[in-house]
Amino acid sequence: MFKIILAICFAVACKGDECSDVTIVSRSDWGARAPKSTSQLSLPVKYVFIHHTDGRACTSQSSCSSVVRGIQNYHMDDRGWDDIGYSFLIGEDGKVYEGRGWDRVGAHTRGYNDVGIAISFMGNFSNIKPKQIALDAAKNLINCGVRLRKVSTTYILRGHRDMGTTTCPGDTLYAEIKTWPHY
Ligand SMILES: [Zn+2]
């Protein structure tokens, strides 16, 4: 019986189960532009960095997709980067928006882009915390990354400000992530 379940798993179902508690909105779903170029991360990564976008918050897939497209345009056209900088973005709708994803080097945490992934909460979290569904989405995403072997089992969680001169990810969100595992 076990063998049969295993066989079915390999055939169809179980590949996505590592992330069954996370809703990831793919690049094609939010209407991403193609990257100018890409480079591969060496996996699993040692660091997970938390950011906020310090911009608009959003509470539905359509409004969040619009915000993510705006950030991608800003990063590519104004900053001159190859793609949206973050690995993933989190909406107040509780969904995860795929940026550069698990496998590609991002542009988010100077000096550490090639050893970590970045998860950015959309909004400004200096004075307020993200909604619980957004916090849960980020935590579930990290655990999913560990199960997929994209993130080291002994990963180190940090806020952007821990690695450079910035207030990111905002005082309130920063205080929150300091209570999370692996901080
Ligand atoms: Zn940041």
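The sections below set out a description of the structure shown in this document. Computed from a predicted model, the values in this text were never measured in an experiment.

1. A look at the sheet that holds strand β1 (residues 24–25)
- As summarised here, the arrangement of the six strands in space is β1-β4-β3-β5-β2-β6, forming an open sheet in which the pairing is mixed. What marks the edges here is a single partner per strand, and that holds for β1 and β6 (151–159).
- Contacting β1, β3 (88–90) and β4 (96–98), helix α3 (residues 61–78) crosses the sheet at an angle of about 40 degrees to β4.
- Packing of helix α4 (residues 132–147) onto the sheet brings it into contact with β1, β2 (45–52), β3, β4, β5 (116–121) and β6, and relative to β6 it is tilted by some 145 degrees.

2. Here's the deal with the packing of aromatic side chains
- Enumeration according to the criterion identifies six aromatic pairs in this entry.
- Relative to phenylalanine 125, the ring of phenylalanine 121 lies with its centre 6.3 Å away and its plane at 75 degrees, an arrangement referred to as edge-to-face.
- A ring pair is formed by tyrosine 174 and tyrosine 183, whose centres lie 6.4 Å apart and whose planes are at 80 degrees; its orientation type is edge-to-face.
- Since its relative accessible area comes to 29%, tyrosine 183 is described here as partly exposed.
- Cluster of aromatic residues (ring-pair linked, three or more members): Tyr47, Phe49 and Tyr112.
- A cation over a ring is seen here: arginine 158 above tyrosine 183, with NZ or CZ 4.9 Å from the ring centre.

3. Section: the state of the cysteines
- Taken as a whole, this structure holds two disulfides when the rule is applied.
- Each disulfide pairs two cysteine sulfurs, and for cysteine 19 the partner residue is cysteine 144, the sulfurs being separated by 1.9 Å. An S-S torsion of about 65 degrees defines the bridge between cysteine 19 and cysteine 144 as right-handed. In this pair, cysteine 19 sits in the loop between α1 (2–13) and β1 while cysteine 144 sits in helix α4, placing the two residues 125 residues apart along the sequence. Each member of the pair, cysteine 19 as well as cysteine 144, carries the same accessibility label: buried.
- For cysteine 58, the disulfide goes to cysteine 64, at an S-S distance of 2.2 Å. In this structure the cystine formed by cysteine 58 and cysteine 64 twists about its S-S bond by roughly 105 degrees; its chirality is therefore right-handed.

4. A closer look at the environment of serine 37
- Here serine 37 lies in the loop between α2 (27–30) and β2.
- Judged by relative accessible area, serine 37 falls into the partly exposed class, the value being 38%.
- In the structure, serine 37 is positioned 61 residues away from glutamate 98 in sequence and 17 Å away in space, judged by C-alpha atoms.
- A polar contact of 3.1 Å, which involves the side chain of serine 37, links it to the side chain of aspartate 82.

5. Focus on the pattern of salt bridges
- Under the defined criterion, the tally for this structure stands at seven salt bridges.
- Where arginine 147 meets aspartate 21, a salt bridge forms, and the shortest distance between an N and an O atom there is 3.8 Å. You can see arginine 147 sitting in helix α4 and its partner aspartate 21 sitting in the loop between α1 and β1, a full 126 residues away along the chain.
- Note on arginine 147: relative accessible area 40%, which makes it partly exposed.

6. Things to note about the coordination of the zinc ion
- The coordination sphere of the zinc ion, as far as protein atoms go, consists of His51 (ND1), His160 (ND1) and Cys168 (SG), spread over 2.0 to 2.3 Å.
- Motif for the zinc ion, donor spacing along one chain: H-x108-H-x7-C. In this pair, histidine 51 sits in strand β2 while cysteine 168 sits in the loop between α5 (160–163) and α6 (171–177), placing the two residues 117 residues apart along the sequence. With respect to class, histidine 51 is no different from cysteine 168; both count as buried.

What counts, and where the lines are drawn
Residues numbered from 1 in each chain as written. Predicted model: local features only at pLDDT ≥ 70, side-chain atom pairs only at ≥ 80, totals over all residues. Heavy atoms only, no water. Pairing = 2+ DSSP bridges. Helix = DSSP H or I, 4+ residues; strand = E, 2+ residues; numbered from the N terminus. Contact = heavy atoms within 4.5 Å. Axes fitted to C-alpha atoms, helices over the stretch in contact; angles between N-to-C directions. Phe/Tyr/Trp six-rings, centres within 6.5 Å; stacked < 30°, edge-to-face > 60°. Buried < 20%, exposed > 50% of the residue type's maximum accessible area, 1.4 Å probe, protein only. Lys NZ or Arg CZ within 6 Å of the ring centre and 35° of its normal. Disulfide = S-S within 2.5 Å. Polar contact = N/O pair within 3.5 Å; in protein donor to acceptor, adjacent residues only side chain to side chain. Salt bridge = Lys/Arg side-chain N within 4 Å of Asp/Glu carboxyl O. Donors = N, O, S within 2.8 Å, 3.2 Å for Na, K, Ca; no water.

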